[in-house]
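Survey of secondary and tertiary structure
The chain contents come next:
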Amino acid sequence: MIRSFTAFVFLSCLSFWCKGQKPDTLFLEKLLRSKPELFSKILNHPRKNEVQILYTQIDRDKNNVPHFKSYSYHLNDLHYFFPASTVKLPTVIFALEKINELNVRGLTARSTMLTGAAFAKQTAVEKDSSSENGLPSLEHYIKKILLVSDNDAYNRLYEFIGRAEINQKLKKHNLTTSRILNRYAVKDTEITSRHTNPVSFYNRDSLVYYQHGKFDPLDYPLALSNTSMGKAYMDSSDRFVAKPFNMANKNAFSITDQQAVMKKLLFPEVFPENERFDLTRQDYELIYTFMSKYPAESKYPQYDPKDFWNVYAKFLFYGADKMTTPNPNIRIFNKYGDSYGFIIDNAYIVDFENKVEFMLTAVVQSNEDGVYNDDKYEYEEVCYPFMKNLGRTIYEFELKRKKEYLPDLSKFIMEY
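Residues numbered from 1 in each chain as written. Predicted model: local features only at pLDDT ≥ 70, side-chain atom pairs only at ≥ 80, totals over all residues. Heavy atoms only, no water.

**Things to note about empty space enclosed by the protein**
The full count for this structure, using the stated rule, is 2 cavities of 30 Å³ or more. Approximately 60 Å³ is the volume attributed to the largest cavity. Surrounding the largest cavity, Ile145, Leu146, Leu147, Ser149, Met291, Lys293, Tyr312, Ala313, Lys314, Asn334, Lys335 and Tyr336 form its lining. For the lining of the largest cavity, the secondary structure elements donating two or more residues are helix H5 (138–148) and strand E14 (330–339). In this structure, the second largest cavity occupies an estimated 50 Å³ of space. (1 Å grid on protein atoms, 1.4 Å probe; cavity = no way out; pocket = protein on both sides within 12 Å on 5 of 7 lines; lining within 4 Å. Points joined across faces, edges and corners; volume = space filled by probe spheres on them. Helix = DSSP H or I, 4+ residues; strand = E, 2+ residues; numbered from the N terminus.)

Following this line, the structure appears as C-alpha cells:
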C-alpha cells in the first residue's frame, strides 16, 4: 500500500478531508447564471433535468498536500438517479483489493481469469481476442472498463467480487448512499443478480485460485426518493406499459459518494492509513493510466475510432464532439455513465501547463416524452452540451483563480 506521509503532514490536512463538510450552495448557481446563453434552459428547470453538481477546488500547501473546498448545486444524495456505468469505478477498485487481500501465492491481476457458468443466464469466458495473449485477465477487464466502459468486463468483475462483498466494501468505505445490485446489459433478474459465477485463475497451466459460485441472500435498502420515474416504459418484450418506470431495485451511486471514491483514489495520502483503499502502487498506476488514456492510445485492447473517437467519454470537457483533438496539456481522470437519459461524469481534470486541477461530478437527464427504455433521449441536444459547457466554465474559472502555492502534478503524468 501507499504509506502515509509524516504525522505532521497527516495532521496538517486532517481538517480538510471534506468528509462531512457541507459544500457551498450559492457559488455554482451564481457562476452558471452568469452565462445564461449556456445554462438558462436547464437552470430554469433543474428538477426536470435531474441536475446535481459537486465541484471541489484543490489548494496545495507548501508541502504539496491537497486541501479541499466544495461547492454544490441541487445536491441531494437521497434523490435517485440511475448511475449507469459510474458504479464500475468502485468495482474496479474492489476487484484489485480482493486480489491483494486474498494474498494467494502466484495470484495477480495478470493471472488468466476463466469464468464458469453454474446458474441461469450465466455465461462462461475462456478467451479474450482483444488481449495481447488472447486470454482474459482481471487487469485486461479493468483496461476495457476504464477506456470504454465495457459492460461484459464489469460483469466479470462483479462476478469475481460477489454482490455481498461489493456492498460490504461500500459500507466499509463509508459510501452510505450507494449500492451495487446488478450486472449490466444481460437482463439480470432479481434472482440471477444474487448468483455469481465460479471463477478460476491460472498462471500458464497451473491453477492458482478457484472460487465457487456465490449466492447473496441480503437486500440493501436505501431511503431513496423518486425511484418511480416518468409516465410509462417499454418492457423487456418491447411492449408499452402506461405506468411509471420502477428503479427501486437498481444500482445507486450518489454524487457525494462518487466524488468521495475519486478523492480517496487520487489522494490517499490525506486519509488515515486504515481508511485508504487496499491498493498497491502498481494498482494505482494501472487505474490512473487507463482512467486518463484515450481509446486511440490503446493497442491492447484496440478500438475502431469511428465508434470510440479521440475524446470518447470525456463528457465534462469535450461533450460528445467526435472531431475534437484533445488538448495535449490536459488529462481527465474520470468515469462516466449514460443510460435511461442520464449522463453522469465523475472527473478530476488536470492542466499540467497551467497548473490547474479540480474535481467535478455531475448528473443531467433529458427524457422529453417521459417514456423509459424507448431509446428516445435528448443526449445530443441537452445532456452532452450541458456537460461540456459545465466542465469548461469551471476550467475557465480555475485558470483565473489565484493560488498561494502552485501544485506539483508530476504524480499524474502517466506513460501512454
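Okay, back to it.
**Examining helix H8 (residues 255–266)**
Counted at 1.5 Å a residue, the expected span for H8 with its 12 residues is 16 Å, and the 17 Å between its end C-alpha atoms agrees. With 10 of 12 residues buried, H8 lies mostly within the body of the structure. Every buried residue belonging to H8 is among Ile255, Asp257, Gln258, Gln259, Val261, Met262, Lys263, Lys264, Leu265 and Leu266, and all of these are buried. (Expected span 1.5 Å × (residues − 1). Buried < 20%, exposed > 50% of the residue type's maximum accessible area, 1.4 Å probe, protein only.)

**Some points on a nonpolar patch on the surface**
A cluster of nonpolar residues, Phe119, Ile191 and Phe215, forms a patch on the protein surface that exposes about 270 Å² of accessible area. Relative to the helices and strands, Ile191 resides in the loop between strand E4 (178–179) and strand E5 (195–196). (Patch = residues over 30% accessible without salt bridge, like charges linked within 9 Å, V, L, I, M, F, W, Y side chains within 5 Å. Areas by Shrake-Rupley, 256 points an atom, 1.4 Å probe, with all protein chains shown as cover. Salt bridge = Lys/Arg side-chain N within 4 Å of Asp/Glu carboxyl O.)

**Quick look at the pattern of salt bridges**
Opposite charge on two side chains makes pairing possible when the charged atoms of those side chains draw close. Throughout the structure, instances matching the rule amount to 23 salt bridges. A salt bridge links Arg33 to Glu29; the nearest nitrogen and oxygen atoms lie 2.9 Å apart. In this pair, Arg33 and Glu29 are both assigned in helix H2 (residues 27–33), 4 residues apart and thus about one turn of the helix distant. With a relative accessible area of 26%, Glu29 lands in the partly exposed category. Across the pair Asp321 and Lys388 runs a salt bridge whose closest N-O atoms are separated by 2.5 Å. Taken together, the residues Asp321 in the loop between helix H10 (315–318) and E14 and Lys388 in helix H11 (residues 379–400) connect sequence positions 67 residues apart. Since its relative accessible area comes to 28%, Asp321 is described here as partly exposed. On the accessibility criterion, Lys388 (24% relative accessible area) is partly exposed. Each of Asp152, Arg156, Glu159, Arg183 and Asp188 takes part in one network of salt bridges that share partners.

That's the geometry; what it means functionally is another story.
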